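# Secondary and tertiary structure notes
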Amino acid sequence: MTAPLDVSGSAAEARPESVLAGAGKAIQGRSLTRIAWMRLRRDKVALGGGIVVVLLILVAVFSSPIIAVLGHPPLEFHQDQIDQSTLLPKGVFGGMSGEYLLGVEPVNGRDIFSRIVAGAWVSLLIGFLATLVSVAIGTTLGVIAGYFGGWVDQLIGRLMDVFLAFPLLIFAIALAGVIPDKAFGLEGNGLRIAMLIFIIGFFSWPSIGRIVRGQTLSLREREFVDAAKSLGARHGYILFREVLPNLLAPILVYATLLIPTNILFEAALSFLGVGINPPTPTWGGMLSEAVRFYTLPHFVLFPGLAIFITVLAFNLFGDGLRDAFDPRAH
Amino acid sequence: MVTYIIRRLIGAIAMLIVISMVTFGIFYVVPQWAGATPEALASRYVGRAATPETVHLVAERLGFYDPVVVQYGRFLKGIFVGAEYDYGAGVEQCPAPCFGYSFISGQPVWPDLVDRMPVTFSLALGAALIWVVAGVSVGVISALRRGSLFDRISMGTALAGVSLPIFFTGMISLVVFSYGLGWTPPGGAWTDFTVNPAQWAYNLLLPWITLAFLFAAGYARLTRAGMLETMGEDYIRTARAKGLRENRVVVKHGLRAALTPILTLFGIDFGLLIGGAVLTETTYTLPGLGQYSILAIRNQDLPQVMGVTLVAAGFVVVASLIVDLLYAVVDPRVRLS
């Protein structure tokens, strides 16, 4: 796939010289970003993923007003919706109705719709900020390793190997499992969210680090870096003004692909009971509560589908973004 | 070739040492954040009824007051030559490899780990077999028929597969196939291979397929991408021009070159999986290493956590060592370097 030419009509294909007919117009240069955007615009699947991602972000950001209009507070009990003899929701399909869009939970009758919407906020917040942490660590170490080479590169390379050989999930579970109730001026789930962001980000940086290192290795040998060096630029200047801007595209692409991984990571930790503490709603936590009520498909299905749709949308968009910036990587 | 193997071996050993240091460091420091003092640790060995003096004495005997480095050295010594534990009441022998005693049950950790290994190993082995065969063949066919209906459907399914969390697919599969249709046994079913191989396979069938589906997706995508790249190379054209049959071109020339990144990924995945398929074992309540680790962590049972983490890391290192050696077989260029 190459950048689309602005040639209108089929006549151009028959008579190549007809391209020159428009030569009176000023020829516009296209930046890499513009070319990528043009490619992305033609990729329907990626755009679909992107639209879902935007919708999800909107839902997460406006979760409170959405819940206020369409649902009930996520922590509110609705015992009147529960059949007290079986502790299961009254009515068909887990109590789905105009008032309770996705039904209610068994036993306490909390509104599932509200809990899914509120869970989107936690999921996306952790997914985004954890990715930010890993991008920060990965980019810094990757650029340093790739740019300076030698023993620095060896050291950071080994560090990445060690991280990749770690049973990360076990480590993350162990760390998340011993988070104290109060530290750094935070407490309760505020602290847990902050710690999860740090833990998840800290364990997923090597993938970004490797890519950044590889890209920096090739950028280092380019002419414009030589030019900057010969003009007497210092390392800091070359790193931040010459190398880093050229890394933005791959970083953006792989950050987009890392977000769904991190969302899955958070869901797994909450599912295992070492993530966010109940009663704060999270998708992983809802699934782990649903284990005991496997006969209620709606209870299992909605949080699972929420995770699936979110992760799929980010993956589709990220894949499209990668193809747009680097068609060869397809 | 010999230097290559020796270099990889030394690398693997160094990696294990680093991992043991980091693991010990983390699990030594983190419980202290959570408020564990030497006395608190020691009281877990002697029970709550003990007087502070007894607790202090035991903490001293077990060396909980020693600096980290000394404690780490003792820990390493226990693994290689065994250890003796002096509780005051009597001396307990812990033969090598000694990972210490559980805080909760008082049982030595290593035999527990050995007990649970067959479960995780069976789970990983069966799933790996299914996902490699399925993933690679789907990837090859998709690449050869790029843009076809098969390609689009299988790549769509693969993308869905990598986006599904295992604890969700696991639960759905249990609800549908075990509780709904009754085709497969419910979660928690486990029979040792030596007792009844047929029952062993039958019990593991559902976890195998669910786990394999998750991984096959990634392998199909990777194989397809690799095949598309290699099949465009000049030597493929040369092979065809020589008059080789298409099957031979695809398998011997195309797939073989595309296999290297797949092998790398497999080494990491398989090692991690043997180290503890935490989510799968939790979902299907299988008594393997993954379930063991989550229980150990919930109980804050430090010796158990240390043991299972090190064993898990050990599997990753050994698996990637084997992969490195397999490289030399698959890719002749490695042998020369």
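Residues numbered from 1 in each chain as written. Chains lettered and ligands numbered in written order. Predicted model: local features only at pLDDT ≥ 70, side-chain atom pairs only at ≥ 80, totals over all residues. Heavy atoms only, no water.

## Description of the overall build of chain A
The following threshold applies: Strands are runs of DSSP state E lasting at least two residues, helices are runs of H or I lasting at least four, and both sets are numbered from the N terminus onward. Under the scheme applied here, a residue whose accessible area is under 20% of the maximum for its type counts as buried, over 50% as exposed, and between as partly exposed, the area being computed with a 1.4 Å probe on protein chains only. Per-residue and other accessible areas were derived by the Shrake-Rupley procedure at a 1.4 Å probe size, with only the shown protein chains allowed to occlude residues.
When helices and strands are tallied, chain A shows 13 helices and four strands. Within chain A, buried positions represent 49% of all 330 residues. Looking at chain A as shown, the accessible area adds up to about 16,200 Å², and 66% of this sits on carbon and sulfur atoms.

## Comments concerning the interface of chain A and chain B
Cut-off, in case you're wondering: We call two residues in contact when some of their heavy atoms are within 4.5 Å. What counts as buried area is the accessible surface, traced by a 1.4 Å probe, that two parts surrender upon association, with contributions from both included. Within this document, salt bridges are pairs made up of a side-chain nitrogen of Lys or Arg and a carboxyl oxygen of Asp or Glu, the two lying within 4 Å of each other. Residues were grouped as follows: Ala, Val, Leu, Ile, Met, Phe, Trp, Tyr, Cys and Pro as nonpolar; Asp, Glu, Lys and Arg as charged; and all remaining residues, including Gly, as polar.
Each partner contributes residues to the interface: chain A has 36 residues there, and chain B has 41 residues. Summing both sides of the interface, chain A and chain B together bury roughly 3,400 Å²; the carbon and sulfur share of this comes to 83%. Of the charged contacts in the structure, one is a salt bridge between A:Asp319 and B:Arg221, with a shortest N-O distance of 3.1 Å. Put simply, the parts of the chain that give the side of chain A that touches chain B at least two residues each are helix H6 (150–165), helix H7 (168–177), helix H11 (235–271), helix H12 (283–290) and helix H13 (297–325) of chain A. When residues of the side of chain A that touches chain B are assigned to their parent elements, the largest contribution, eleven residues, is made by H13(A). In terms of residue class, the side of chain A that touches chain B is built from 30 nonpolar, four polar and two charged.

## A word on empty space enclosed by the protein
All names here are of chain B. For clarity, the cut-off: With a 1 Å grid spanning the protein atoms alone, the term cavity applies to any set of points in which a 1.4 Å probe fits but cannot get out, the term pocket to an open set with protein on both sides within 12 Å along at least five of seven lines, and the term lining residue to any residue with an atom within 4 Å of a point. Grid points are joined across faces, edges and corners, and a volume is the space filled by probe spheres set on the points.
One pass over the structure, following the stated rule, counts one cavity of 30 Å³ or more. In this structure, the largest cavity encloses a volume near 60 Å³. Pro 186, Gly 187, Asn 203, Pro 207 and Tyr 284 are the residues nearest the centre of the largest cavity, which is lined by ten residues in total. Here the residues of the lining of the largest cavity are counted per class, giving seven nonpolar, three polar and no charged.

## Observations regarding the packing of helix H3 (residues 44–61) of chain A against helix H5 (residues 112–148) of chain A
Residue and element names in this part refer to chain A. Condition: The convention used is that axes are lines fitted to C-alpha atoms, helices contributing only their stretch in contact, and that angles between N-to-C directions extend from 0 to 180 degrees. To sort the angles, those under 35 degrees are grouped as roughly parallel, those over 145 as roughly antiparallel, those from 65 to 115 as roughly perpendicular, and the leftovers as oblique. Helix crossings are classified by the rotation of the near helix relative to the far one: an anticlockwise turn of less than a right angle makes the crossing left-handed, while a clockwise turn makes it right-handed.
As a packed pair, H3 and H5 sit with axes 8 Å apart at the nearest point and diverge in direction by 110 degrees. One element, H3, and the other, H5, form an angle in the roughly perpendicular class. When the axes of H3 and H5 are compared, the crossing they make is left-handed. On H5, the residues that touch Leu 56, Ile 57, Val 59 and Ala 60 of H3 are Val 117, Ala 120, Trp 121, Leu 124 and Phe 128. Taken together, the residues of the contact of H3 with H5 sort by class into nine nonpolar, no polar and no charged.

## Considerations on the pattern of salt bridges
Residue and element names in this part refer to chain A. Going through the model one piece at a time under the given rule, you end up with eight salt bridges over all chains. The salt bridge involving Glu 221 is made with Arg 220; its shortest N-O contact spans 3.2 Å. The exposure class assigned to Glu 221 is exposed, which follows from its relative accessible area of 53%. A salt bridge links Arg 322 to Asp 319; the shortest N-O distance between them is 3.3 Å. Note that Arg 322 and Asp 319 are positioned in helix H13 at a spacing of three residues, about one turn of the helix. Given a relative accessible area of 12%, Asp 319 falls into the buried group.

## Here we look at the packing of aromatic side chains
Heads up, the rule is: Between 30 and 60 degrees the pair is tilted, below 30 it is stacked and above 60 it is edge-to-face, where a pair is any two Phe, Tyr or Trp rings, Trp via its six-membered ring, whose centres lie within 6.5 Å.
In the structure shown here, the tally under the stated rule is ten aromatic pairs over all chains. With a centroid separation of 5.7 Å and 15 degrees between ring planes, the pair formed by A:Phe198 and A:Phe202 is classed as stacked. With a gap of four residues between them, A:Phe198 and A:Phe202 both fall in helix H8 (residues 188–203), about one helical turn apart. By relative accessible area, A:Phe198 is classed as partly exposed at 47%. Aromatic rings pair up to connect B:Trp131, B:Phe215, B:Tyr219, B:Phe266 and B:Phe270 into one cluster.

## Some remarks on a nonpolar patch on the surface
Residues and elements named next belong to chain A. Put simply, the test is: Only residues above 30% relative accessible area that lack a salt bridge enter a patch, with like-charged residues linked at up to 9 Å and the nonpolar side chains Val, Leu, Ile, Met, Phe, Trp and Tyr linked at up to 5 Å.
Where nonpolar side chains cluster on the molecular surface, the patch consists of Ile 51, Val 54, Leu 55, Leu 58, Val 61, Phe 62 and Trp 121 and spans about 680 Å² of accessible area. Assignment of secondary structure puts Val 54 in helix H3. Classification of Val 54 by relative accessible area gives partly exposed; the value is 48%.

## Considering the confidence of the model for chain A
Low pLDDT means the predicted coordinates in that region are not meant to be read closely. Residues and elements named next belong to chain A. Our working definition: pLDDT expresses how confident the predictor is about each individual residue, on a scale running from 0 to 100.
On average, residues of chain A score 80 in pLDDT, and 83% of them reach the 70 mark or higher. Taking the mean pLDDT of every element in chain A, the minimum, 48, falls on helix H1 (residues 11–14) and the maximum, 90, on H5. In the predicted structure, residues 7–12 sits below a pLDDT of 50 and forms three contacts with residues beyond four places in sequence or in another chain.

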